[in-house]
Amino acid sequence: MSRTYRVPAISSASLALCLTLTTGCGTSGPADSASMQVWALEDAAVNEIVEQGIDAHNESQEVPAELVTFVNDAYKQRLQVALGSPNAPDVFFNWGGGNLAEYTSQNQVYDMTQDLDDNPEFRDAFLPSVLDVARIDGSYYGVPLLGVQPVVMYYNKPVLDSAGLEPPETYDDLLEAVETLKEQGTTPITLPGAQGWTQLMWFSYLVDRIGGPEVFQAIADQEEGSWNDPAVVQALEMCQELVELGAFGPNFSSIDYDNGSASALLATGESAMFLMGSWDLAQQMENNPEFVENDELGYTSFPVLEEGAGEPNAIVGNPSNFFSINETSTHTDAAVDFLVETMASDEYVDELIDAGQVPAVEGIEEELQQSDHAAFAAFTHQLVSQAPTFTQSWDQALPPAEAEAMLTNLQLVFLQDLTPEEFTQEMEQLR
Amino acid sequence: MSSSPTERPGFAWITPALLFFALFGLGPVVVVGYLSFTSWSGLGDPEWVGLANWSALPGDGQVRGGLAITLSLTVLCWVTQTPLALAFGVWAAGPQKSRAVVSAIFFLPLLLSTAAIALVWQALFEPHFGIPAQLEDWFGLTPSNVLGDPTWALYAIVFVLLWQFLPFHMLLYQAAARQVPHSLYEAAELDGASGFQRFLHITVPQLRHTVIASSVLILVGSMTYFETVLLLTAGGPGNATRILPLHMYEQGFVSFEMGYASAIAVLLVILGTGLSLLVVRVTGYSRMSSQREGL
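In this text the structure is predicted, and so the values were computed from the model without any measurement.

Engineer: Got a sec to walk through the overall build of chain B? Specific residues and values, please.
Structural biologist: The secondary structure content of chain B amounts to 13 helices and two strands. Counting only C-alpha atoms and orienting by the principal axes, one finds that chain B spans roughly 75 × 70 × 30 Å. Relative to its full complement of 295 residues, chain B shows a buried share of 41%. When contacts within chain B are restricted to residue pairs at least 6 apart in sequence, long-range pairs at least 24 apart make up 68% of them. Chain B carries 11 positive and 15 negative side-chain charges, and their two centres are separated by 16 Å.

This is the structure we're talking about:
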């Protein structure tokens, strides 16, 4: 579920090629110590906004900042190798959670707790549930950089209407809708099962609804036996039940998100519902603009599980992406100044909203009302601000090796090649 | 003193190539060999762990599974590519103009990058918008789930690789077939050999070295068909197409277990080298004996 910035697969191929050729793409020389390097992912809209923040910063400060951007897949690898080397960035983009913890465990990240305490206004500007994703062992190691990206349930309004259905509020509604839609010959739910992270959305929401956020918290904390939690097994059983019911259609395992076919299936009405991150709106606007303009794209939160112990308002997704500071940077003060003066500033937040994002900042309902997709932005903001917990995508929150194994095993569960018990055993053994 | 014409060029001649090979071929292998005894996430310094990575290899189901899939892929690629490339290559070697035109079209995939080919085929295999959807419209077949089916996904990869690499091997056979002396065919014709007999008893034996060279390329190459698999199925569904090189990549650059990935890499180097040595040995290629004695 790393989509914000999930990777056109092609970049990984070119990277692989590059690695085979030279075992490392060669670096562009040592960083100029007179300036501060800010590393981020390539994203035309957002890079420009960060660039503006940097320009504003550079006007007033002695140490100028410089933005360097990378494509997604190459980035994690590049950063992994650069940190601790003379070519390391001063400020770097990251995903928070387990991803960030990899770097803090190697003492590569500057602890910002004191700076946040010194600037309470800045700290309190952010939604606490989002800021907490960069909190590791009680200390803050980063600040949100982009908008929130919860996973929501999209639906095709005309398709549900013609089947006489309302968007499902409870899980039982969902099961009923699946039956009705199947009788009509519509695929009830699109699931791009060629990629495990899309299946993870179902799995992690169900675990949260059944057992609450504590279940995954224990897993993330590497507690002994945490994968064996009954909520995990039950959620996997429910996933398999949905597959057996034909909720995802017969071909889900070939459908790919990155090539746009999953979003197209919803837009063309071949399927009725689609659980995906809030970034999918941008995908629909790009590829199926009429679908959005004609107000046929509906959205709601993940159904409530009546007998579940989890909070009905809890959400799952990518709380945000983060900027962190390199512990070994020679410009930590300048970097802190840059982040504090930019990341929650009115200009920066307004620009993000104009770019279609919902910043992880308090009190922006009014601004959101005036944005191009006000209804969706308001929905997202409300969803996030009312959520008691915002669980980070598990594949970002867990250490990379565990995340990778989890996604593969999850695919096997959806293919019915692995039982829920075997899944938990496999994951537990990995520890 | 001038060297005699039969003497081979001196050592100095191969120095540039040798240096290049040492730097980009042997050097990385040595480094990877060292890394396979360490634990390294890419952050900080590699930590020496002795044989831990190596002892974990046999117990890793994905290494065993990946090995089996890699071997099936290798065999399937050889079985499909060699006969077809031989047949098409010999056909294309004929002097007719029409054959030259058709061959030129056949060679087009050679011009495309692997990534482009893989992405195009991924789109074509897509059940709702690709070829299967068209087949459904035309023939009423149910849309098939090619890349999402654990059995069919591997065959789909073999097919795409065949489509991609057939022209290259055709080219080898075409060139080699044109080198076969005409006098052999004329002599066979006088003895009353049919067209098929001439193919079987003259063309194929004369192409022996080409068959071996092409086979080595296919066999060793299929140990490294990585991009196609990554882009078409990313090893999925589940583990169904997770070939060993892909497992290595994911261990190294997704899981950031560089040490363990290096151990898999060394295993692949050993397998690839062993395989090509075996082929060369078994076929007698290394003796470089002439196929045209007396001509």
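The structure having been displayed, the exposition proceeds.
Engineer: How would you sum up the interface of chain B and chain A? Please name residues and give values.
Structural biologist: On the side of chain A, 37 residues touch chain B, which itself brings 36 residues to the contact. In this assembly, chain B packs against chain A so that about 3000 Å² is buried in total across both faces, 61% of it on carbon and sulfur atoms. The largest per-residue losses of area from chain B upon contact with chain A belong to L43, H128 and F256 of chain B, which jointly make up 21% of the total buried on that side. The interface formed by chain B and chain A includes one salt bridge. Taken together, the connections running from chain B to chain A amount to 12 residue pairs in polar contact (both at pLDDT 80 or more). Sorting the residues of the side of chain B that touches chain A by element identifies α1 (11-35), α5 (114-125), α11 (227-232) and α12 (244-254) of chain B as the ones contributing at least two each. When residues in the side of chain B that touches chain A are grouped by element, the largest group, four residues, is from α12 of chain B. Residues of the side of chain B that touches chain A, tallied by class, amount to 19 nonpolar, 12 polar and five charged.

Engineer: Before we move on, can you summarise the environment of G96 of chain A with the specific residues and values?
Structural biologist: All names here are of chain A. Of note, G96 is situated in the loop between β3 (91-94) and α4 (97-104). Measuring from C-alpha to C-alpha, the distance between G96 and A134 comes to 4.9 Å, with 38 residues separating the pair along the chain. Excluding residues that lie within four positions of it along the chain, G96 makes contacts with V133, F322, Q392 and Q396.

Engineer: So what's going on with the sheet that holds β3 of chain A? Which residues, and what values?
Structural biologist: All names here are of chain A. Pairing is mixed across the open sheet formed by five strands, whose spatial order is β2-β1-β3-β12-β6. In this open sheet, the two edge strands, each paired with only one partner strand, are β2 (65-70) and β6 (143-144). Sheet topology note: the β3/strand β12 (residues 322-325) ladder contains four bridges and is antiparallel. The residue bridging F92 from the neighbouring strand is S324, located in β12.

Engineer: An account of the environment of I117 of chain B is requested, with residue identities and associated values reported.
Structural biologist: Structurally, the position occupied by I117 of chain B is in helix α5. Ignoring anything within four residues of it in the chain, the contact list for I117 of chain B reads P109, L112, V160, W163 and Q164 of chain B.

Engineer: Can you explain the domain arrangement of chain A? Please cite residues and give values.
Structural biologist: All names here are of chain A. Domain annotation of chain A identifies domain 1 (3-148 + 319-392) and domain 2 (150-317 + 399-429). Averaged C-alpha coordinates put domain 1 and domain 2 at centres separated by 28 Å. Each side of the interface is counted separately: domain 1 has 21 residues, and domain 2 has 26 residues. Between domain 1 and domain 2, the buried area comes to about 2100 Å², and carbon and sulfur atoms account for 71% of it. Counting across the interface, domain 1 meets domain 2 through five residue pairs in polar contact (both at pLDDT 80 or more). Residue assignment for the side of domain 1 that touches domain 2 shows that the elements contributing at least two residues are α19 (374-386) and β13 (390-392). For the side of domain 1 that touches domain 2, the element with the highest residue contribution is α19, accounting for seven residues.

What counts as what
- Residues numbered from 1 in each chain as written.
- Chains lettered and ligands numbered in written order.
- Predicted model: local features only at pLDDT ≥ 70, side-chain atom pairs only at ≥ 80, totals over all residues.
- Heavy atoms only, no water.
- Helix = DSSP H or I, 4+ residues; strand = E, 2+ residues; numbered from the N terminus.
- Buried < 20%, exposed > 50% of the residue type's maximum accessible area, 1.4 Å probe, protein only.
- Contact = heavy atoms within 4.5 Å.
- Lys, Arg positive; Asp, Glu negative; His and termini not counted.
- Charge placed at Lys NZ, Arg CZ, Asp CG, Glu CD.
- Buried area = accessible area lost by both parts, 1.4 Å probe.
- Salt bridge = Lys/Arg side-chain N within 4 Å of Asp/Glu carboxyl O.
- Polar contact = N/O pair within 3.5 Å; in protein donor to acceptor, adjacent residues only side chain to side chain.
- Nonpolar A, V, L, I, M, F, W, Y, C, P; charged D, E, K, R; others polar.
- Pairing = 2+ DSSP bridges.
- Domains from an automatic or database assignment.

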